[in-house]
Amino acid sequence: MKLFFVAAFLAVAAAVPSSYKPEYKAPSYPAPSYPAPKYPAPAYPAPAYPSPSYNKDNKYAEITVTSQSDERNIDGSSQWSYAQSDYTTREESQVQKKMQGVTYDSYGKESYGEVLGNTNKGSSYWVSPEGEKLTLTWAADEAGFQPKGDHLPVAPVHEYELPVAPVHEYELPVAPVHIPFNGKGYKIY
């Protein structure tokens, strides 16, 4: 019964006309007018250097990608490669691997344990502007980034003997023995 009265009251409230006027029109304002600037428009002189001209015989002008592949697997591994018309190639593969490393919990506390990491291997081949053929291979894993190539600098070989710090042969002084007191003038044994 109470439900009936509540429903009837809501029906009457909904049927009452509202005071909202749908024919309301927003006021219109005239467009602002600004005075013309009193300074002349800037005129820039032509640059003192010639505009660049592109040589049609540029051997790098028409480099295009001749092949490209990208494979991503559900287990997190992937491999991709591309080759260009100037014989530049690059290929790389990545595998997820369990390694020992530092992990952090939700409170920021660090612990050492098993973590997932990526190991990458790849190679690149290109021809330098001087015509030199360069090949770079690399591996990146828990041992770090390890590039290999004939064009990479090599650390010098250490051929001389390192100096050794002198050893002093003398006796150090012995500190005197201190017998503690308990604060009342008595020795503590």
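Our structure is the block above this text.
Predicted model only: the values in this text are computed from it and were never measured. (Residues numbered from 1 in each chain as written. Predicted model: local features only at pLDDT ≥ 70, side-chain atom pairs only at ≥ 80, totals over all residues. Heavy atoms only, no water.)

> Just checking my understanding: could you explain the environment of Q79 for this structure?
Take Q79: it is sitting in strand β2 (residues 78-84). Sequence separation of Q79 and V95 is 16 residues, and the distance between their C-alpha atoms is 8.8 Å. Contacts of Q79, omitting those with residues within four sequence positions, involve S69, D70, E71, E92 and S93. (Helix = DSSP H or I, 4+ residues; strand = E, 2+ residues; numbered from the N terminus. Contact = heavy atoms within 4.5 Å.)

> Just to check I follow, could you spell out the pairing of strand β6 (residues 144-148) for this structure?
For a regular strand, side-chain orientation follows a simple rule: the groups alternate between the two sheet faces. Sheet topology places strand β5 (residues 133-141) next to β6; five bridges connect them, and they run antiparallel. The partner of W138 across the bridge, within β6, is P147. Connecting the antiparallel pair β5 and β6 is a turn made up of two residues. (Pairing = 2+ DSSP bridges.)

> I'm lost on the sheet that holds strand β4 (residues 110-127) in this one. Help?
Backbone hydrogen bonds hold the strands of a sheet together, and the pairing may be parallel or antiparallel. Read from one edge of the open sheet, six strands run β1-β2-β3-β4-β5-β6, paired in antiparallel fashion. On the outer flanks of this sheet lie β1 (65-72) and β6, each paired with one strand and no other. The mean inter-strand angle of the sheet, taken between neighbouring strand axes irrespective of direction, is 15°. (Axes fitted to C-alpha atoms, helices over the stretch in contact; angles between N-to-C directions.)

> Where do I start with a nonpolar patch on the surface in this structure?
Taken together, the side chains of M1, F4 and F5 make up a nonpolar region of the molecular surface, amounting to roughly 420 Å² of accessible area. Looking at the secondary structure, you find F4 in helix α1 (residues 2-15). Overall, F4 belongs to the exposed group, its relative accessible area being 58%. (Patch = residues over 30% accessible without salt bridge, like charges linked within 9 Å, V, L, I, M, F, W, Y side chains within 5 Å. Areas by Shrake-Rupley, 256 points an atom, 1.4 Å probe, with all protein chains shown as cover. Salt bridge = Lys/Arg side-chain N within 4 Å of Asp/Glu carboxyl O. Buried < 20%, exposed > 50% of the residue type's maximum accessible area, 1.4 Å probe, protein only.)

> Sorry, what's going on with the pairing of β1 here?
Among the eight residues in β1, zero count as buried, and that is only a small part of the element. Pairing between β1 and β2: seven bridges, direction antiparallel. Among the inter-strand pairings, V65 is bridged to a residue of β2, identified as Q84. With antiparallel pairing between neighbouring strands as the criterion, β1 and β2 make up a hairpin whose turn holds five residues, including G76 at a positive phi of roughly 95°.

> Is there a simple way to think about the packing of aromatic side chains in this case?
The description of an aromatic ring pair uses the distance of the two centres, along with the angle that the planes make with each other. The tally for this structure, following the rule as stated, stands at one aromatic pair. Both rings, one in W80 and one in Y82, keep their centres 6.3 Å apart while their planes meet at 10°; by these two values the pair is stacked. Y82 sits in the partly exposed class, given a relative accessible area of 27%. (Phe/Tyr/Trp six-rings, centres within 6.5 Å; stacked < 30°, edge-to-face > 60°.)

> What am I meant to see in the pattern of salt bridges here?
A side chain with one charge may pair with a side chain of the opposite charge, provided their charged atoms come close. By the definition in use, this model includes three salt bridges. Where D70 meets R72, a salt bridge forms, and the shortest distance between an N and an O atom there is 3.3 Å. The exposed category is assigned to R72, whose relative accessible area is 61%. Here E142 ties to K97 by a salt bridge, and the two come within 3.1 Å at their closest N and O atoms. With E142 in the loop between β5 and β6 and K97 in strand β3 (residues 89-104), this pair connects stretches of sequence that are 45 residues apart.

Any functional reading would require information that these geometric values do not contain.
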